[in-house]
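# Commentary on secondary and tertiary structure
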4 protein chains.
Amino acid sequence: MNSFGRKFRVSIFGESHGTMVGAVIDGCPPGISLSEEDLLPDLARRKSGAKGTTPRREADEPKIVSGVFNGYTTGAPITVIFENSDTRSGDYKNLIVQPRPGHADWVALKKYNGFADYRGGGHFSGRITLGLVAAGAIAKKVTENIDYSTEIIELGGSNDKADYDSVLDEAVRTHNSIGGIVECTVKGCFPGLGDPFFDSVESLISHAVFSIPAVKGIEFGAGFASAKMNGSQNNDNIIDINGTTETNNAGGINGGITNGNPILFRVAVKPTPSISLPQNTINMETGNREDLTIKGRHDACIVLRIPVIIEAVAAIVMADLTLLS
Amino acid sequence: MNSFGRKFRVSIFGESHGTMVGAVIDGCPPGISLSEEDLLPDLARRKSGAKGTTPRREADEPKIVSGVFNGYTTGAPITVIFENSDTRSGDYKNLIVQPRPGHADWVALKKYNGFADYRGGGHFSGRITLGLVAAGAIAKKVTENIDYSTEIIELGGSNDKADYDSVLDEAVRTHNSIGGIVECTVKGCFPGLGDPFFDSVESLISHAVFSIPAVKGIEFGAGFASAKMNGSQNNDNIIDINGTTETNNAGGINGGITNGNPILFRVAVKPTPSISLPQNTINMETGNREDLTIKGRHDACIVLRIPVIIEAVAAIVMADLTLLS
Amino acid sequence: MNSFGRKFRVSIFGESHGTMVGAVIDGCPPGISLSEEDLLPDLARRKSGAKGTTPRREADEPKIVSGVFNGYTTGAPITVIFENSDTRSGDYKNLIVQPRPGHADWVALKKYNGFADYRGGGHFSGRITLGLVAAGAIAKKVTENIDYSTEIIELGGSNDKADYDSVLDEAVRTHNSIGGIVECTVKGCFPGLGDPFFDSVESLISHAVFSIPAVKGIEFGAGFASAKMNGSQNNDNIIDINGTTETNNAGGINGGITNGNPILFRVAVKPTPSISLPQNTINMETGNREDLTIKGRHDACIVLRIPVIIEAVAAIVMADLTLLS
Amino acid sequence: MNSFGRKFRVSIFGESHGTMVGAVIDGCPPGISLSEEDLLPDLARRKSGAKGTTPRREADEPKIVSGVFNGYTTGAPITVIFENSDTRSGDYKNLIVQPRPGHADWVALKKYNGFADYRGGGHFSGRITLGLVAAGAIAKKVTENIDYSTEIIELGGSNDKADYDSVLDEAVRTHNSIGGIVECTVKGCFPGLGDPFFDSVESLISHAVFSIPAVKGIEFGAGFASAKMNGSQNNDNIIDINGTTETNNAGGINGGITNGNPILFRVAVKPTPSISLPQNTINMETGNREDLTIKGRHDACIVLRIPVIIEAVAAIVMADLTLLS
């Protein structure tokens, strides 16, 4: 389903080449100052245009059409819409016959019996994440005490930022794509959020993060590295009664519950499947394997646009947990 | 909260040293042959007793007290309980003053204002996963078409199974603990399960897996390795109209939806925080940092007992998705 | 919260004098023929204009902005919006000082700390039910096997249809308002829908029906009259193996589950609180009781517009139950 | 499904003649004094034994098996169980062939394909409401500020309490059963609870109340009578800034939200379908209509035992709303 959250609940809708995309944000408390301008900084961070991102140009202009009155949230559902404009639907028609490797084309065909909107990825498009970013910007206002930040710590296999530019150049030059790893830090959240077991903070954040297209892994604190440690190395000593720990291998979460130290997690982003190189796929009409060259505009490196989306879904989770506490 | 699932819904309850632990499984279809015996093989796989696991001995004898009649599920909620017997509560009293590093003691104190049952970890205890394993065994019967398997692919930092035994010996000998990585394969599930975005199969599985204590990371298919690949390497070519792919870097999931290839994910398990070595922590009464030596019985390597729990939560997710489809 | 349904999930948003009102319908199966025209008949039944209804004139023109492609539902969320046009916000400003009797003004002030959009009732407005009617029209297409009908069986205290016209005239003439009772019949739904206890069909239908403003009572089958019967009178004899009953005092539901006979329920609708007669209320600034004469346009008899809304929410419930079964 | 509530969540399980019935109450705050004794007064009010109630005698002895430690709630799920003892399963076997009029036998057969536990009504039994009453007693402790009371305002068609005794005698004497109307008053709850539309207080209370077997109608405040009033009669004048109203035709709820005045609702309870008189039903094996005389023990007047159950579900709703606010 397309909604998430128990008390701060986000529903997203729209298709890449439809009339609009957007989000309904239910459960936002009244009295929070909010205007379209508040959403622009995060939307700008998601925008394409930089080297390695799609040449599709959209205004990405948010319109708040409900839930705000005289500059403040009212307590009613907030609806944010983004009209689509720069659409070239002619580019995509062949993909219901030749499903693209690494894309959702084949599963869409099976799941929706051929009725899915295939234009530009339809409802699978990364464009739907506009609604997530808008909801995230609102969630950040709900959790003013919390500071969210992200950093690309690996790009195209390199963890040396000095290489990032040449890595990107190479991907564009070779008509290929690259992935990367994004680290997110959430500072200042109260201890005691989350629950043991099913509503652990890791459960909720991972649930939200895996709703972002192209994400294939997540780890908290020391994560996969902790699997190589001894308990004596991995355990975080508590050094004051506020629960401050010497190390933060737990990533700010024990027993599923925030411990007041920064929440820290890393997200693996796969290379975008849309590449201009010839690939091989099945022809669903003939059953033959065929070469496929993908037309259309796409990102050589979606990683550049994903950090703000990761912050957004983290903020959505923290807003929900904060309001529930 | 302590329940999970939209149509196949599992609720867990109990404390390590309370009267009993258990699970209520709601939404199971009627007419499935079920008895306590059906739960025993998976429960046995979770049991302690092997080298590196806690010397606590529990019968782990399941009693099905509702939802089964004349040997078949009725369609009403199935309740499975496990009475606790081998409890030694005297071992644990000091931990509300000296919260153990890496444990949930400190967050429990904050979240529950000192009212949490601290005996043996209380409701945070791994013992609560008995209910998950029982629910998982039932979920496996609901999804008879699906085959679940797990393998420990790394233990104490080694990925050579020949080393596992000595790695364990070393952990026990040094009164320390070790972690590891478990790989889970889910074969035979129908394509088309799951949804784009919030109810992606990755979202649901990760949500469930992070409800298992000690899990700190998860990756699907190529996972973190995919972040180092080019799109041309990572994309899985589709080789027949049934969606079979040449490689399975996607781990059986595209656009959040099963593609019919095996679902493949790996889980990072941290070393259990309970070690017998002296550690340092805060005294919550005096505010002084103090040495702490943990008494009580515990696992040097919880990884050995976790594979069946991972299968269980995967099965719970697949049962829910299958019944919803 | 503003969403309802487990598998066919409706979220509503908007304010009476905001930019637009609308609904997001998630979980609708793909492949259902759908266009704006399909929504018009039910929307027309809800429209004002007849004697006893508000002189506010809105086009009530639905725009489907997501979830439909080439004339068919896609399986993605369907968003229907209605732009507001005929708004006269000047009419309503005084009501935050003088909360109107029988309205939500006072509770809105308390719950939303003065930030609620008070224009035309804001998010409390009956105008929000446009989204319900649109969602209901779609739900009816999802449940093609089911026939929904409604009848006003009491108006202004009379159960003689011949009186309805004069009753209405009297209400308009005296600047007062009247209520009534609507009976809804749902024919053709499969037996076996719903669950005992919390998800009984009565629970779900009543939940949905009480979300319609002005509803103050509901009864199923013989309802309150059954409280006066003996068991031997009230029990419905089963006369064939398909479960057909001689009488239908149960209103088509036993043990919370549909029995295949028509679902029958009656809904009490209070007189709309907006009347032009002078009333007495509190001045929230001075604390004095004051006379109040309500300006603005309103319905003398909302009952006339409610039958199609009742059908809509019934259809939403039946669609959800049908898809879950 | 068998759970209810967003933050104070109750799950019920069990069968009339199974091992036990019970409830899991999740989301109860820590630090509330709680023991089995606290549950006894409400359980006693539900008990059979009085004239007009079933001769089945059960100890109805609650055991709290999780979630309470040292006399206080811990914040973990509270599980309350009731072991069954006085079961005579031989009484009920014929009802899968001859479904009883007014009972859930026929729908159970259809929904559960013959696998439902038919003994004593199985999971449809009123005995399952033991879990509701236990959960309600806990919910009352969570909402200490609120006072819940109920009154039988009509019995067997009479609203004169002086008649009740003879009405009951007549029902028992004639081997028939009678229904009635119960009025519930909820005093002292904070204004501002609930939401407009789907989570209106009327929606939530009615949802919960219709989960009680035998309930066929509910009305709030003036309810069905308000349908006969003019707006000028029905509107409740607000007489002070705390929202106190002169009348309470709204039953304490405007726009779905509590207004601080007592919540008032009336519930129609049908006569229990179990009567000893000969009835007519279908034989599911032969397809013939046959006479049926029901054996077993049953209540001639379930109304006597229902008030405390109505209070219980009201308290469950108020606890959930209070914790969410």
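Residues numbered from 1 in each chain as written. Chains lettered and ligands numbered in written order. Predicted model: local features only at pLDDT ≥ 70, side-chain atom pairs only at ≥ 80, totals over all residues. Heavy atoms only, no water.

A few words on the relation of the copies chain B and chain C. For the pair chain B and chain C, the relating rotation is 180 degrees, the translation along its axis is 0.0 Å, and the fit reaches an RMSD of 0.0 Å. Such values leave the two copies arranged in the relation of a two-fold axis. Residue B:Leu324, judged by its C-alpha, is the member of chain B lying nearest the rotation axis, at 3.3 Å. Both copies share a contact surface, since 100% of the interface residues of chain B are interface residues in chain C too. (Least-squares fit on C-alpha atoms with pLDDT ≥ 70 in both. Contact = heavy atoms within 4.5 Å.)

Here we take up the sheet that holds strand β3 (residues 20-26) of chain B. Residues and elements named next belong to chain B. In space, the five strands of this open sheet follow the order β1-β2-β3-β7-β4, with antiparallel pairing throughout. Two strands close off the open sheet at either side, each with one partner strand: β1 (3-4) and β4 (63-66). Both β1 and strand β2 (residues 9-14) contribute to a ladder of two bridges, which runs antiparallel. Residue Ser3 lies in a different strand from β2, and its bridge partner there is Ser11. This element, helix α3 (residues 129-142), spans β2, β3 and β7 (78-83) of the sheet and lies at about 140 degrees to β7. (Pairing = 2+ DSSP bridges. Helix = DSSP H or I, 4+ residues; strand = E, 2+ residues; numbered from the N terminus. Axes fitted to C-alpha atoms, helices over the stretch in contact; angles between N-to-C directions.)

As a further point, take the packing of helix α5 (residues 201-209) of chain C against helix α5 (residues 201-209) of chain D. Taken N-terminus to C-terminus, the directions of α5(C) and α5(D) make an angle of 170 degrees; their axes are 8 Å apart at the nearest point. Of the possible angle classes, the one that applies to α5(C) and α5(D) is roughly antiparallel. Of the residues in α5(D), those touching α5(C) at C:Ser203, C:Leu204, C:Ser206 and C:His207 are D:Ser203, D:Leu204, D:Ser206 and D:His207. Considered class by class, the residues forming the contact of α5(C) with α5(D) number two nonpolar, six polar and no charged. (Parallel < 35°, antiparallel > 145°, perpendicular 65-115°, else oblique. Nonpolar A, V, L, I, M, F, W, Y, C, P; charged D, E, K, R; others polar.)

Let's shift gears to the interface of chain B and chain A. Counting from both sides, the interface comprises 103 residues of chain B and, opposite them, 103 residues of chain A. Taken over both partners, the interface formed by chain B and chain A buries close to 7,700 Å², and the fraction arising from carbon and sulfur atoms is 60%. Taken together, chain B and chain A are joined by six salt bridges. Where B:Glu154 meets A:Lys228, a salt bridge forms, and the shortest distance between an N and an O atom there is 2.8 Å. Taken together, the links from chain B to chain A amount to 47 residue pairs in polar contact (both at pLDDT 80 or more). (Buried area = accessible area lost by both parts, 1.4 Å probe. Salt bridge = Lys/Arg side-chain N within 4 Å of Asp/Glu carboxyl O. Polar contact = N/O pair within 3.5 Å; in protein donor to acceptor, adjacent residues only side chain to side chain.)

So, about the relation of the copies chain B and chain A. When chain B is fitted to chain A, the residual RMSD is 0.0 Å, and the transformation amounts to a turn of 180 degrees plus an axial shift of 0.0 Å. When you check the interface residues of chain B against chain A, 100% turn up at the interface there too, and the contact is symmetric in its surfaces.

Between chain B and chain C, the residue contacts involve five residues of the former and five residues of the latter. At the boundary of chain B with chain C, total buried surface from both sides reaches about 440 Å², with 35% on carbon and sulfur atoms. Broken down residue by residue, the surface that chain B buries against chain C is led by B:Arg6, B:Lys7 and B:Leu324, which jointly contribute 88%. In this structure, the connection of chain B to chain C is made through zero salt bridges. At the boundary of chain B with chain C, the tally comes to three residue pairs in polar contact (both at pLDDT 80 or more).

What follows deals with the sheet that holds strand β7 (residues 78-83) of chain C. Residues and elements named next belong to chain C. The five strands lie next to each other as β1-β2-β3-β7-β4, forming an open sheet whose pairing is antiparallel. Strand pairing shows two members of the sheet lacking a second neighbour, β1 (3-4) and β4 (62-66), which therefore form its edges. Note: β4 against β7, four bridges, orientation antiparallel. Within β7, the residue paired with Pro62 across the bridge is Phe82. Those strands touched by helix α3 (residues 129-142) are β2 (9-14), β3 (20-26) and β7, and its axis lies near 140 degrees from that of β7.

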